[in-house]
Amino acid sequence: MLLLTDNRNMEGADSLEQTIRDENTSESLPVLTIGNISRFVESEYRKKCATRLIEIICDKYYASDISISICNRNDYMIYRKK
């Protein structure tokens, strides 16, 4: 499980960023932030976000020898590097 957010500000003692800084451990769930949510309406930006998200998940939970390719606007191919 991971947390995907677009709001990781430092506004206040109970902000997400401050909580991460205060409470984060090696056992904590990963928190990933979409850098610019207003650009999420752009197809190319969504593809980049989705590709990076898949890369992070594969690196963290599977193996670093996995590669991702965009097949078309809706499909991704995940395969092991040789």
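A short tour of the structure in this document, coming up. In this text, all values refer to a predicted model and were calculated from it rather than measured experimentally. (Residues numbered from 1 in each chain as written. Predicted model: local features only at pLDDT ≥ 70, side-chain atom pairs only at ≥ 80, totals over all residues. Heavy atoms only, no water.)

### Description of the overall build of the protein
Counted only if it meets this: The way it works is that DSSP assigns letters per residue, a run of H or I at least four long becomes a helix, a run of E at least two long becomes a strand, and they are numbered from the N terminus. Only protein chains enter the accessibility calculation, which uses a 1.4 Å probe; a residue whose area is less than 20% of its type maximum is buried, one above 50% is exposed, and one in between is partly exposed. Throughout, a contact is declared for two residues whenever any of their heavy atoms are within 4.5 Å. Using a 1.4 Å probe, accessible areas were evaluated by the Shrake-Rupley method; residue-level cover was limited to the displayed protein chains.
When you go through the protein residue by residue, the secondary structure sums to 2 helices and 4 strands. When the helices and strands of the protein are read in sequence order from the N terminus, they spell out β-α-β-α-β-β. Counting the 82 residues in the protein, one finds 20% classified as buried. Look at the contacts in the protein between residues 6 or more apart in sequence, and 33% of them connect residues 24 or more apart. Here the protein displays about 6400 Å² of accessible surface, and carbon together with sulfur accounts for 50% of that area.

### A look at the pattern of salt bridges
Threshold: The term salt bridge refers to a pairing of a side-chain nitrogen on Lys or Arg with a carboxyl oxygen on Asp or Glu at a separation within 4 Å.
Evaluation of the coordinates by the stated rule reveals 2 salt bridges. Where glutamate 17 meets arginine 21, a salt bridge forms, and the shortest distance between an N and an O atom there is 3.0 Å. Taken together, the residues glutamate 17 and arginine 21, both in helix α1 (residues 16-23) and 4 residues apart, mark about one turn of the helix. When the shortest N-O distance is used, the salt bridge between glutamate 42 and arginine 39 registers 3.1 Å. In this structure arginine 39 comes out as partly exposed when scored by relative accessible area, which is 33%.

### Examining the environment of arginine 46
Selection rule: The term polar contact refers here to a pair of N or O atoms within 3.5 Å; inside protein, the definition further demands a hydrogen-donor-capable atom paired with an acceptor-capable atom, and it admits residues adjacent in sequence only when both atoms are side-chain atoms.
Within the secondary structure, arginine 46 is located in helix α2 (residues 43-61). For arginine 46 and isoleucine 34, which are 12 residues apart along the polypeptide, the C-alpha to C-alpha distance reads 9.8 Å. Polar contacts involving the side chain of arginine 46 include one to the main-chain carbonyl oxygen of valine 41, which spans 2.8 Å.

### With respect to the side chain of glutamate 17
Judged by relative accessible area, glutamate 17 falls into the buried class, the value being 13%. If we skip the residues at most four places from it in the chain, glutamate 17 touches Arg8, Asn9 and Met10.

### Considering α1
The condition that has to hold: The directions considered for the arc run from the helix axis to the C-beta atoms.
Here α1 has its buried residues at Glu17, Gln18 and Ile20. An end-on view of α1 places all buried positions within 160 degrees of arc, on one side of the element.

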